[in-house]
Every structure is written in structure tokens, then in C-alpha cells.
Amino acid sequence: TYTNLDPGEYVFRVKSSNNDGLWNEKGKSIRLIIKPPWWKTNWAYASYILLFFAGGFSFDRYQRSRIKNIEQRRSQLALLRAENQRKTKELEEARQLQLSMLPQNLPQLPHLDIAVYMKTATEVGGDYYDFHVGIDGTLTVVIGDATGHGMKAGTMVTTTKSLFSSHAANPNILFTFQEITRCIKYMNMQMLSMCLAILKIQGNKMQISAAGMPPALLYRSKTKTIEEIILKGMPLGAVQDFPYELRHTEIYPGDTLLLMSDGLPEMFNKDKELFGYDKVIETYQKAADKNPEEIIIELKNAGSEWSQSETPDDDVTFVVIKVK
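Residues numbered from 1 in each chain as written. Predicted model: local features only at pLDDT ≥ 70, side-chain atom pairs only at ≥ 80, totals over all residues. Heavy atoms only, no water.

1. Examining the overall build of the chain
Turning to step 1, where the next piece is worked out: Helices and strands together make up the secondary structure of the chain, namely five helices and twelve strands.
Turning to step 2, where the next piece is worked out: With the principal axes as the frame, the chain shows a C-alpha extent of 155 × 40 × 35 Å.
Turning to step 3, where the next piece is worked out: With 324 residues in all, the chain has 39% of them scored as buried.
Turning to step 4, where the next piece is worked out: Partitioning the contacts of the chain with sequence separation of at least 6, the portion at a separation of at least 24 is 69%.
Turning to step 5, where the next piece is worked out: For the chain, the accessible area works out to roughly 20100 Å², and carbon and sulfur atoms hold 55% of it.
Turning to step 6, where the next piece is worked out: Between the centroid of the 38 positive side chains of the chain and the centroid of its 38 negative side chains there is a distance of 14 Å. (Helix = DSSP H or I, 4+ residues; strand = E, 2+ residues; numbered from the N terminus. Buried < 20%, exposed > 50% of the residue type's maximum accessible area, 1.4 Å probe, protein only. Contact = heavy atoms within 4.5 Å. Areas by Shrake-Rupley, 256 points an atom, 1.4 Å probe, with all protein chains shown as cover. Lys, Arg positive; Asp, Glu negative; His and termini not counted. Charge placed at Lys NZ, Arg CZ, Asp CG, Glu CD.)

Put into C-alpha cells, the structure is as follows:
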């Protein structure tokens with residue numbers, strides 16, 4: 001038995017003898033051809049060569065395509081970086097423009113001490129504050145919060161700034177509200193609106209009205225209590241001829257007024273809990289005997305501790321006015 005013979009041609013020869021030891025003169029032979037398996041045939045080797053070159057060609061095309069894709073991605077990333085840098089520059093310019101519209105110097109009045117603070121949640125914020133001192137010494141203070149964030153809110157702030165500059169000297173706060181709403185609607189600013197509070201102080205007389213802003217907190221130094229001035233109303237630009245309420249009161253030495261946006265009371269902590277207006281009142285009452293700058297520091301520290309110094313989800317703005 002012959003096994004595992006390599007492919008090729010073989011001759012099997014046979015010679016035999018009888019019992020007398022006589023051998024035949026001429027033996028028999030068998031010619032055998034063992035063919036190789038199909039994977040060792042010439043056609044198979046030719047196919048291997050073709051596959052090798054086809055594989056090399058395909059790999060070359062793949063490498064070329066991969067390099068081209070990488071270069072395209074690099075080009076796209078470079079364009080995206082350039083576009084992001086352009087947008088970042090534009091947002092920074094918009095931010096600087098918005099900041100430049102805020103009062104650079106606070107009013108210096110003999111009977112009032114004023115401090116302000118603003119921290120925006122995005123490059124362009126939606127909060128706004130401003131002052132105007134009339135010829136008769138009347139101080140007009142405005143604080144606002146535009147709907148939304150970013151450029152749309154910044155556009156609304158710019159609009160409100162120009163409108164306030166036009167109407168700040170008007171003694172009628174409710175008429176100013178109506179005019180601002182009329183202009184916003186005329187400009188067709190779609191769903192944008194402006195929450196706003198305006199107050200006027202002349203001597204010890206104060207009048208205030210609000211459109212969708214948080215309550216003003218008036219600390220009475222004599223009784224050591226906090227008065228919440230709650231004025232409910234629709235944001236400006238939402239409803240024409242809304243019946244806004246106007247509140248009159250008197251303020252005395254030691255009294256302190258806190259105006260704010262909803263950034264602090266609606267600030268979340270890591271457990272998704274709101275800071276809340278009660279906590280604002282508690283923090284404010286503990287610090288209300290201090291000067292306005294120190295009051296703002298206490299409010300800032302309370303908010304930072306609550307959010308663990310995370311960037312707030314909304315703009316945070318304070319205006320503190322203390323009667324000397």
C-alpha cells in the first residue's frame with residue numbers, strides 16, 4: 001500500500017516466481033498518474049497571482065481613498081475651526097457691544113447707594129439693567145429679562161435699551177410699558193418678549209411697576225422685615241394694552257431694595273432642586289443691613305454654594321439700592 005504520494009507520474013512494476021523459484025522473464029508494469037489537488041494546479045496558481053495583483057490594486061485604491069478622506073476631513077475640520085473662530089469672535093463682539101450698552105458709571109446721588117451685578121449664562125445674555133437721572137433728580141431704574149438666550153435675547157435687550165433711552169424721562173411708567181409693547185409688536189419680533197420692571201425714586205417717594213419680573217424685595221430697616229412687592233403682568237411685547245399695576249410707597253433711611261432677574265431663585269443644584277424665592281429672601285434678610293456691594297456678595301456666594309460653582313443655566317442679575 002502506497003499512501004501520501006506527491007503529485008506526478010509513477011510506474012509500478014511487478015515480477016513473480018513459482019514454487020520452483022522460476023521467475024518470469026518479463027514482469028508486468030502499471031503506469032500511474034497522480035494529479036495535484038485543484039488548489040495546486042496551474043490555473044489555481046494563475047488565479048493566486050491575479051488575486052494578489054487585484055488585492056494589491058484594491059489596497060492601493062483603498063489607501064488612496066483613505067488618505068483622500070483624511071485630507072477632506074482635515075479640510076472640513078479646518079473650515080469648521082475657522083467658522084467656529086469666526087462665530088466666537090462675532091459672539092464676543094456682540095457680548096462686548098451688549099456690555100458697552102450697560103451703564104459704565106452708576107448714578108451718584110446723595111441719598112442713595114447703588115450696586116449692580118450681572119453674570120450671563122451664554123456669551124450674549126438676555127438680562128438688562130439701566131438708570132436715568134432726570135433734571136429734577138428723579139432716579140429711574142429698569143431691570144429686565146428677555147425671553148430665551150443668545151443672539152435673539154441680545155437683540156431684544158438692544159431694542160429695550162433704545163426704547164428705554166427714549167422713554168426714561170417720562171414720568172408715566174404705564175405709558176412707557178404700552179409704548180415698548182407697541183414698538184416690539186410693530187417690529188414683528190415673532191415670539192420674543194421682554195420681562196421688565198421700572199421704578200422711579202424722587203426723594204422718599206417710590207413708584208414701581210413690573211411686567212413678568214420676580215417680586216422686588218424691600219427691606220424695612222425700622223422693623224427688620226422684608227416686603228415683597230409682587231406685581232403680576234405679561235411680558236412686554238406679548239399683549240397690547242395689558243392693565244399693568246402701579247405701586248406707590250415711601251422709603252426711609254436704612255431701607256434697602258433688591259431687584260433681580262429669575263436667575264438666582266430658579267438656579268438648580270446637583271440634585272435638580274431649585275434655590276427658590278424663600279431662600280433668596282432668607283439670604284437677603286441676613287445681609288440687608290450691610291452696604292449694597294456686600295449684599296450682592298452674600299447673594300453671589302449663596303448661589304455659588306448652591307450650584308457648587310457650576311455655570312448657571314440662566315443669567316443672574318441684581319440691582320441693590322440702599323437709602324442713606
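2. Quick word on the packing of aromatic side chains
Turning to step 1, where the next piece is worked out: A full pass over the atoms with the stated rule returns nine aromatic pairs.
Turning to step 2, where the next piece is worked out: Seen from their ring centres, Tyr 117 and Phe 318 are 5.9 Å apart, and the 20° between their planes marks the pair as stacked. Of this pair, Tyr 117 sits in strand E3 (residues 112-119) while Phe 318 sits in strand E12 (residues 316-323), and the two are 201 residues apart along the sequence.
Turning to step 3, where the next piece is worked out: Both rings, one in Phe 242 and one in Tyr 244, keep their centres 4.8 Å apart while their planes meet at 50°; by these two values the pair is tilted.
Turning to step 4, where the next piece is worked out: What makes Tyr 244 buried here is its relative accessible area of 9%. (Phe/Tyr/Trp six-rings, centres within 6.5 Å; stacked < 30°, edge-to-face > 60°.)

3. Focus on the environment of Asp 315
Turning to step 1, where the next piece is worked out: Assignment of secondary structure puts Asp 315 in the loop between helix H5 (292-307) and E12.
Turning to step 2, where the next piece is worked out: Sequence separation between Asp 315 and Val 280 is 35 residues, and the spatial gap between their C-alpha atoms is 16 Å.

4. Quick notes on the sheet that holds E3
Turning to step 1, where the next piece is worked out: Strands sit in the order E3-E12-E11-E8-E9 across an open sheet of five strands; the sheet is antiparallel. This sheet does not close on itself; its edge strands, each paired only once, are E3 and strand E9 (225-229). Ignoring which end each strand starts from, the neighbouring axes of this sheet average 15° apart.
Turning to step 2, where the next piece is worked out: Across three bridges, the pairing between strand E8 (residues 216-220) and strand E11 (residues 256-260) is antiparallel. (Pairing = 2+ DSSP bridges. Axes fitted to C-alpha atoms, helices over the stretch in contact; angles between N-to-C directions.)

5. What to know about unusual backbone geometry
Turning to step 1, where the next piece is worked out: Its identity is not glycine, yet Asp 241 carries a phi of approximately 60°, on the positive side.
Turning to step 2, where the next piece is worked out: Residue position: Asp 241 is located in the loop between E9 and strand E10 (247-250).
Turning to step 3, where the next piece is worked out: The phi angle at Lys 272 is positive, at roughly 60°, despite the residue not being glycine.
Turning to step 4, where the next piece is worked out: The class for Lys 272 is exposed, based on a relative accessible area of 64%.

6. A few points about the pattern of salt bridges
Turning to step 1, where the next piece is worked out: For the structure on display, the rule yields eleven salt bridges.
Turning to step 2, where the next piece is worked out: Between Glu 179 and Arg 182 there is a salt bridge, and its shortest N-O distance comes to 2.9 Å. Note that Glu 179 and Arg 182 are positioned in helix H3 (residues 173-186) at a spacing of three residues, about one turn of the helix.
Turning to step 3, where the next piece is worked out: Judged by relative accessible area, Glu 179 falls into the buried class, the value being 15%.
Turning to step 4, where the next piece is worked out: The closest approach of N and O atoms between Arg 220 and Glu 227, which form a salt bridge, is 3.0 Å.
Turning to step 5, where the next piece is worked out: Residue classification places Arg 220 among the buried residues on the basis of a relative accessible area of 11%. (Salt bridge = Lys/Arg side-chain N within 4 Å of Asp/Glu carboxyl O.)

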